[in-house]
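# A structural walkthrough
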Amino acid sequence: MCRWVAYMGQEIYLESLLFESEHSLIDQSLSARKSQVTVNADGFGLGWYDERSEPGLYHEIMPAWSDCNLKSLSAHIKSKLFFAHVRASTGTATNRSNCHPFAYKNWLFMHNGQIGGYESIRWHLDRLIPEHLYNQRKGATDSELIFLLLIANGLEENLEQAVQITIKQIEKIMLDNQIDDAFRLTAVISDGEQLTTIRYSNDDQPASLYYKLFDGHLVLASEPSEHSTKGWQHVCPNHMGVIGHQGLVSRPVFV
C-alpha cells in the first residue's frame, strides 16, 4: 500500500516533512510500519499550493530516497498546503502518469487503497468517465479513475455527495461482475483552501490514516511522522470530513 502525507498551516519548506521529521515520508518509503508493504518504490509525487490558484506538481518514477532533485526542490519550495505521496503499485505500470497526486484546475487528490478486481472491470469503470473529462485520463490507475469520477459526479459543487455517488457506482460494477475483493478508499482532496479526507472500505480493513494538530499547523498521514504516536488520532473508518485548525469534523460516508 502507498504512503502519503498532507500538510496545512504556516508556510514551511517541504523538506521538513519529507526528510527531517523522525519518521519522515522518505523514511516510510523504505520502512513503512502501518502497511502490508514495507517498501514503497514505484514512484512518488508532490503537489503544492503557492501564490497561483492551481497547484504545482512534481512526479518521478525512481524511488523517492534516491532522487537528488527531490532533495533540492523540497529544500527550496515553501507552502502552506501541500501533498506528498510514495507509491507501491497494485499492478499498474511505474510511470509518471500513474504517480500521485493528481490535479484538476485548483484541486489535488491522492489515494491509498484499491478497487478489488480492478483489471477485470476496468473497461466498465472507464465507461463511467464522461467524454468531456476523458482526455484528463493520463494514466491507468484506479486512483486517477476515482478522482475523475468524483469530478464527474459534482466534486466542485457538493464533495460529500460526489463521494457517495462514486462509491455506489464502483460497488455496483463490482457486484454486477461478481467481484468479492475489497474496495478500499483512503484519500485526501483539496481545493487549495481546506483538506477533505475519506477513509472507506467495504470490508473491515481500511487503510490506515492519522492526523495531528500541532502549534500552527496540522498533518494528515498514512502513519505518524514521529516515533511516538502521542497526539496522533485515527480518522474513523467509513467516515469523511473536513480537517482544519480545530481538528477533524467528520461524519459517516453513508448516513
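So, a few notes on the structure that sits alongside this text.

With 18 residues, helix H7 (residues 159-176) should cover 26 Å at 1.5 Å per step; its first-to-last C-alpha distance of 26 Å lies within 8% of that length. Among all positions in H7, only Leu159, Ala162, Val163, Gln164, Thr166, Ile167, Ile170, Ile173 and Met174 are buried. As for H7, its buried residues are in contact with strand S6 (107-115), helix H4 (118-126), helix H6 (142-152), strand S7 (183-190), strand S8 (195-201) and strand S12 (239-244). Of the residues trailing H7, glutamine 178 is marked for its positive phi of about 55°.

Our next topic: the nonpolar core. Counting 34 residues, the largest nonpolar core has Ile115, Leu155 and Phe183 as its most contacted members. Sorting the residues of this core by element identifies strand S5 (102-104), S6, H4, H6, H7, S7 and S8 as the ones contributing at least two each. Judged by nonpolar contacts, the second largest core, of 22 residues, contains Val5, Ala84, Val86 and Trp232.

Our focus in this paragraph is the packing of H4 against H7. Contact geometry of H4 with H7 gives a least axis separation of 10 Å together with a crossing angle of 130°. Here H7 runs oblique to H4, going by the angle between their axes. Considering the relative orientation of H4 and H7, their crossing is right-handed. Within the contact between the two elements, H4 uses Ile121, His124 and Leu125 and H7 uses Ile170, Ile173 and Met174. Tallied by class, the residues present in the contact of H4 with H7 amount to five nonpolar, one polar and no charged.

Tracing the sequence through the fold places tyrosine 49 in the loop between strand S2 (44-48) and strand S3 (56-60). In this structure, the C-alpha to C-alpha distance between tyrosine 49 and lysine 78, residues 29 residues apart in sequence, is 9.0 Å. Not counting residues up to four positions away in its chain, the partners in contact with tyrosine 49 are Pro55, Ser79, Lys80, Leu81, Asn106, Trp107, Leu108, Ser190, Asp191 and Gly192. Here glycine 192 takes part through its backbone nitrogen, which lies 3.4 Å from a polar atom of the side chain of tyrosine 49.

Okay, unusual backbone geometry next. A cis amide bond, omega -5°, links histidine 100 with the succeeding residue proline 101. By the element assignment, proline 101 lies in the loop between strand S4 (78-86) and S5. The phi torsion at lysine 105 lies on the positive side, around 55°, for a residue other than glycine. In this structure, lysine 105 sits in the loop between S5 and S6. If you check the backbone angles, glutamine 178 has positive phi at about 55° while not being a glycine. A relative accessible area of 70% means that glutamine 178 is categorised as exposed.

Once that is clear, we can look at the pairing of strand S10 (residues 217-221). Counting buried residues in S10 gives five out of five residues, a clear majority hidden from the surface. On S10, burial covers both faces: His217, Val219 and Ala221 on one face and Leu218 and Leu220 on the other are all buried. The pairing of strand S1 (residues 3-13) with S10 spans five bridges and is classified as antiparallel. Residue pairing across strands places tyrosine 7 opposite valine 219, the latter belonging to S10. With five bridges joining them, strand S9 (residues 210-214) and S10 adopt antiparallel strand pairing. For leucine 213, the partnering residue across the bridge sits in S10 and is leucine 218. In this structure, the hairpin formed by S9 and S10 is closed by a connection of two residues, where glycine 216 is found at a positive phi of approximately 95°.

Criteria and cut-off values
- Residues numbered from 1 in each chain as written.
- Predicted model: local features only at pLDDT ≥ 70, side-chain atom pairs only at ≥ 80, totals over all residues.
- Heavy atoms only, no water.
- Helix = DSSP H or I, 4+ residues; strand = E, 2+ residues; numbered from the N terminus.
- Expected span 1.5 Å × (residues − 1).
- Buried < 20%, exposed > 50% of the residue type's maximum accessible area, 1.4 Å probe, protein only.
- Contact = heavy atoms within 4.5 Å.
- Core = buried A, V, L, I, M, F, W, Y, C linked by side-chain atoms within 4.5 Å.
- Axes fitted to C-alpha atoms, helices over the stretch in contact; angles between N-to-C directions.
- Parallel < 35°, antiparallel > 145°, perpendicular 65-115°, else oblique.
- Left-handed = near helix turned anticlockwise from the far one by under 90°.
- Nonpolar A, V, L, I, M, F, W, Y, C, P; charged D, E, K, R; others polar.
- Polar contact = N/O pair within 3.5 Å; in protein donor to acceptor, adjacent residues only side chain to side chain.
- Pairing = 2+ DSSP bridges.

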